[in-house]
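Observations on the three-dimensional arrangement
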Amino acid sequence: MDGIVGNEWYDPATIDWASGKRPEEVYCVSDPETTEINSGGKMSARNLQVTTLGDELKLATAGKGKVVGVAFKDRAAILMAGHGADAVVWTNGKGGWSSTSYFCPSGALPVWVDKLNADKTFDMHIGQAWEPLLPADAYSLTKKAPAEKAPTAGQVFSHDLGSEGDKSFYSNLATSGFGNDVVEIAVERAVAGEALGQDDVPDLLVVNLSSNDYVGHRYGPDSPEVMDTAVRTDRMLSRLFNFLDRAVPGGLAEVTIVVTADHGVLPIPEESAKDVRTGVRRVSEAAIEANVDKALSAKYGEAKWCWLATPNLYLNRPMIESKKLDPAEVQRVAAAAAMTTPGVYAALTQSDVWAGRVPKTHWAEMASNSLNPKLSGDVLVFEAAGDYMGGGTGTGHGSPWIYDSHVPILVCGKGIAKGRHSERVYTNGIAATLAHLLHVEYPSGCIGHILPGALKD
């Protein structure tokens, strides 16, 4: 619905099937029509086909309500903030904050961002090592990632970030427990620089703490590094909330706060093989393509029939049309072939999804909600629970299984009722809840409902 069918995908309309070359992926926020500022890439919200909460706030307040987005990741800052944000900044991987002409039509960064870059806040950790914040016994229930170097005797972990001039320093910083501290400094500067929360018109600040994601990918959710990052994040949030209490007239009583996650993460498959979890595979994307190509070539004639950008399997639509084949039938043959690959649990065809012929399950409903008729693949392919469709030595996410989709939602502050709720809710309910609280229209693609029991009224 919203036009964002993954971090990357293929554009079915531009795939050159005759060349046999893998098509170039479309990155979710890439935009060649915009101009980068401070080497952060040509990025915008142009691929997002719906409004965000921030966009609706701008529309409802004649532009007076401010919207600001800050994150390590470009896509996190951009897609949360939306099209009409006043300031959206992300890191350039070189120790600076960046944006594009899409958000800065003048071609210049906001003054507070220029000052932030001049202060070189990323560099405060040069020459340091990331080591545990807590005593060693606090990490006794964690497990070291199999691919990571074993620590020395008596040491939980130690990761050198790098010295001055080390090209890997900034990526090491992002993938460490210190990364969120740099973001928190930027958030404080944004609040002051944009004068957020200083009048009766509500403002919206969206922040993504990308380091938690980076650490989880590399070390796995059961690692001491993830635990340490969570503890550091908790303390960082305390600093941020205390800052807001001082910076906003009326303090935190005038602020509504939501803390959640965009996804969970799968335990490292090689680690799972040693414990009680099921699933021990890294599912081969190349094998899925090979199996589908073989099956379709055998039935309809030799050709390059598919490309996979997980979970989207794109079929050779020009070939299907030229041979006057039934697209639904070809999709079913492809889905059956994909499911012969070890570790593939299900493959849903577009035709079946649109016709409502999908299992009456939670995961199938999520798969259906993710489908875009113009951008999604002809078949959606999902790995079995506990398996991971991807390479490397770390782990990832993107499946509909509970470890990827079960996240907390913490809501507090102005307009929020006290309470703890254990019923199943969805993160898409956050936009509905805040829109109601702000008295603005729901975002145009919103399918969520107000979080039950969250609001005082």
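Details of the structure are given in the entry above.
Residues numbered from 1 in each chain as written. Predicted model: local features only at pLDDT ≥ 70, side-chain atom pairs only at ≥ 80, totals over all residues. Heavy atoms only, no water.

This part is about the sheet that holds strand 5 (residues 87-91). Reading across from one edge, 3-6-5-4-9 is the order of the five strands in this open sheet, with mixed pairing throughout. Because the sheet does not close on itself, it has two edges, and the strands there are strand 3 (36-37) and strand 9 (204-208). With five bridges joining them, strand 4 (residues 67-71) and strand 9 adopt parallel strand pairing. Bridge pairing in strand 9 links alanine 71 to asparagine 208. (Pairing = 2+ DSSP bridges. Helix = DSSP H or I, 4+ residues; strand = E, 2+ residues; numbered from the N terminus.)

Before going further, it helps to examine helix 1 (residues 53-60). Within helix 1, six of the eight residues are buried, which leaves the element mostly enclosed by the surrounding structure. Among the residues making up helix 1, those that are buried are Leu53, Gly54, Asp55, Glu56, Leu57 and Lys58. Against strand 4, helix 2 (74-81), strand 9 and helix 15 (428-438) lie the buried residues of helix 1. One or two steps after helix 1, the chain reaches alanine 62, where phi turns positive at roughly 55 degrees. (Buried < 20%, exposed > 50% of the residue type's maximum accessible area, 1.4 Å probe, protein only. Contact = heavy atoms within 4.5 Å.)

Right, let's get into the packing of helix 6 (residues 210-219) against helix 7 (residues 224-247). A pair of packed helices is captured by two measures, namely the crossing angle of their axes and the spacing between those axes. One can describe the packing of helix 6 onto helix 7 by two numbers: an axis separation of 9 Å at closest approach and a directional angle of 170 degrees. Taken as axis vectors, helix 6 and helix 7 run roughly antiparallel relative to one another. Residue-level inspection shows Asn212, Val215, Gly216 and Tyr219 of helix 6 in contact with helix 7, the latter providing Glu225, Val226, Thr229 and Thr233. Split by residue class, the contact of helix 6 with helix 7 holds three nonpolar, four polar and one charged. (Axes fitted to C-alpha atoms, helices over the stretch in contact; angles between N-to-C directions. Parallel < 35°, antiparallel > 145°, perpendicular 65-115°, else oblique. Nonpolar A, V, L, I, M, F, W, Y, C, P; charged D, E, K, R; others polar.)

Turning our eyes to something else, we now look at the sheet that holds strand 12 (residues 312-315). Strand order across the open sheet formed by four strands is 11-12-14-13, with antiparallel pairing between neighbours. Only two strands of the sheet have a single partner each, and these edge strands are strand 11 (306-309) and strand 13 (344-349). Within this sheet the neighbouring strands show an average axis-to-axis angle of 25 degrees, counted without direction. Strands strand 12, strand 13 and strand 14 (379-383) of the sheet are contacted by helix 11 (residues 327-338), whose axis makes an angle of about 175 degrees with strand 13.

The next point concerns the packing of aromatic side chains. Overall, the coordinates contain 15 aromatic pairs when judged by the stated rule. Measuring from centroid to centroid gives 5.0 Å for phenylalanine 169 and tyrosine 170, while their planes differ by 75 degrees, and the two rings are edge-to-face. Phenylalanine 169 gets classed as buried once you look at its relative accessible area, which sits at 1%. One aromatic cluster is present, formed by Phe72, Trp97, Phe122, Phe169, Tyr170 and Tyr214 through successive ring pairs. Its end group placed over the ring of tryptophan 307, lysine 304 keeps NZ or CZ at 4.0 Å from the ring centre. (Phe/Tyr/Trp six-rings, centres within 6.5 Å; stacked < 30°, edge-to-face > 60°. Lys NZ or Arg CZ within 6 Å of the ring centre and 35° of its normal.)

Turning next to unusual backbone geometry. In this structure, the amide linkage connecting threonine 310 to the following residue, proline 311, adopts the cis form with an omega of 0 degrees. Relative to the elements of secondary structure, proline 311 occurs in the loop between strand 11 and strand 12. Backbone geometry places alanine 195, a non-glycine residue, at a positive phi of 55 degrees. By the secondary structure assignment, alanine 195 is in the loop between helix 5 (179-193) and strand 9. The backbone of lysine 324 shows a phi angle near 55 degrees, a positive value even though the residue is not glycine. Take lysine 324: it is sitting in the loop between helix 10 (317-322) and helix 11. Assessed through its relative accessible area of 74%, lysine 324 is described here as exposed.

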